[in-house]
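Each chain, letter by letter, is given below.
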Amino acid sequence: LNILYLVQCGLLRTPVLYLSRYILQHRLEYYRFLREVTENQRWEPWMLFVLFAVEETARWTSARINAIYELHQYTGRHIRERLPGIYSRELVDVLFIQPYVRIEVLVEAGIGQRQTAASYLKRLVDSGVLQELKVGREKLFLHTKFFDLLRQESEEFLPYGEG
């Protein structure tokens, strides 16, 4: 509710802050402060806790967004340099909608017909951008660096450079 309140007040455009992550990591403090509100009407410590949680979550979220942006730029350069025949901004953007992609996603994005899209994805696998996975009868193409970045818990997200 705190995040939705920030959106309603115009302090956030979209609810991108995952405040629950911080609260879960500090749940004993959270419940202690909340109990103090209930039992002793001590609002200030609880409010300060929540404000600090918002600040820390905003820092963590900003770092993650910046890391995704840097990876997006790195991936674009990588494809443009190693696979100039298939490079397009639209292709790179599609790789960042979610950490995996299907042939149909490229087709729906207008990047190419099924055969062309399959060829592009195969070339991205061969160049190390994607990893092909067989899931049942379906092929998924995992953007491993993007997936790893999304799974990372650290406040210092790994930079991506050559290598």
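Quantities reported herein were computed from a predicted structural model and do not represent experimental measurements. (Residues numbered from 1 in each chain as written. Predicted model: local features only at pLDDT ≥ 70, side-chain atom pairs only at ≥ 80, totals over all residues. Heavy atoms only, no water.)

Caption draft 1: Fine view of the overall build of the protein chain. Assigned secondary structure in the protein chain consists of eight helices and three strands. Listing every helix and strand of the protein chain by position from the N terminus yields α-α-α-α-α-β-α-α-β-β-α. Scaling as 2.2 N^0.38, a compact globule of 163 residues should have a C-alpha radius of gyration of about 15 Å, whereas the protein chain reaches 21 Å, well beyond that. For the protein chain, the spread of C-alpha atoms along the three principal axes comes to 65 × 30 × 30 Å. Every one of the 163 residues in the protein chain was classed for burial, and the buried ones make up 36%. When contacts within the protein chain are restricted to residue pairs at least 6 apart in sequence, those whose partners lie at least 24 apart make up 52%. With the model as given, the accessible surface of the protein chain reaches about 10,700 Å², and the carbon-plus-sulfur share is 54%. Taken as two groups, the 21 positive and 20 negative side-chain charges of the protein chain have centres that lie 6 Å from each other. (Helix = DSSP H or I, 4+ residues; strand = E, 2+ residues; numbered from the N terminus. Rg over C-alpha atoms; globule rule 2.2 N^0.38 Å. Buried < 20%, exposed > 50% of the residue type's maximum accessible area, 1.4 Å probe, protein only. Contact = heavy atoms within 4.5 Å. Areas by Shrake-Rupley, 256 points an atom, 1.4 Å probe, with all protein chains shown as cover. Lys, Arg positive; Asp, Glu negative; His and termini not counted. Charge placed at Lys NZ, Arg CZ, Asp CG, Glu CD.)

Caption draft 2: Looking closely at helix α7 (residues 114–126). Helix length check: α7, at 13 residues, gives a terminal C-alpha distance of 18 Å against a target of 18 Å (1.5 Å per residue), a fit within 8%. Among all positions in α7, only Ala117, Tyr120, Leu121 and Leu124 are buried. Taken around the axis of α7, the buried residues stretch over an arc of 95 degrees, which confines them to a single face. In this structure, α7 carries Gln115 and Asp126 as exposed residues pointing more than 90 degrees from its buried face. On its buried face, α7 is in contact with α4 (43–82), α5 (89–94), β1 (100–101), α6 (103–108) and β3 (138–142). Two residues or fewer past α7, Gly128 is found with a positive phi of approximately 90 degrees. (Expected span 1.5 Å × (residues − 1). Arc of directions from axis to C-beta.)

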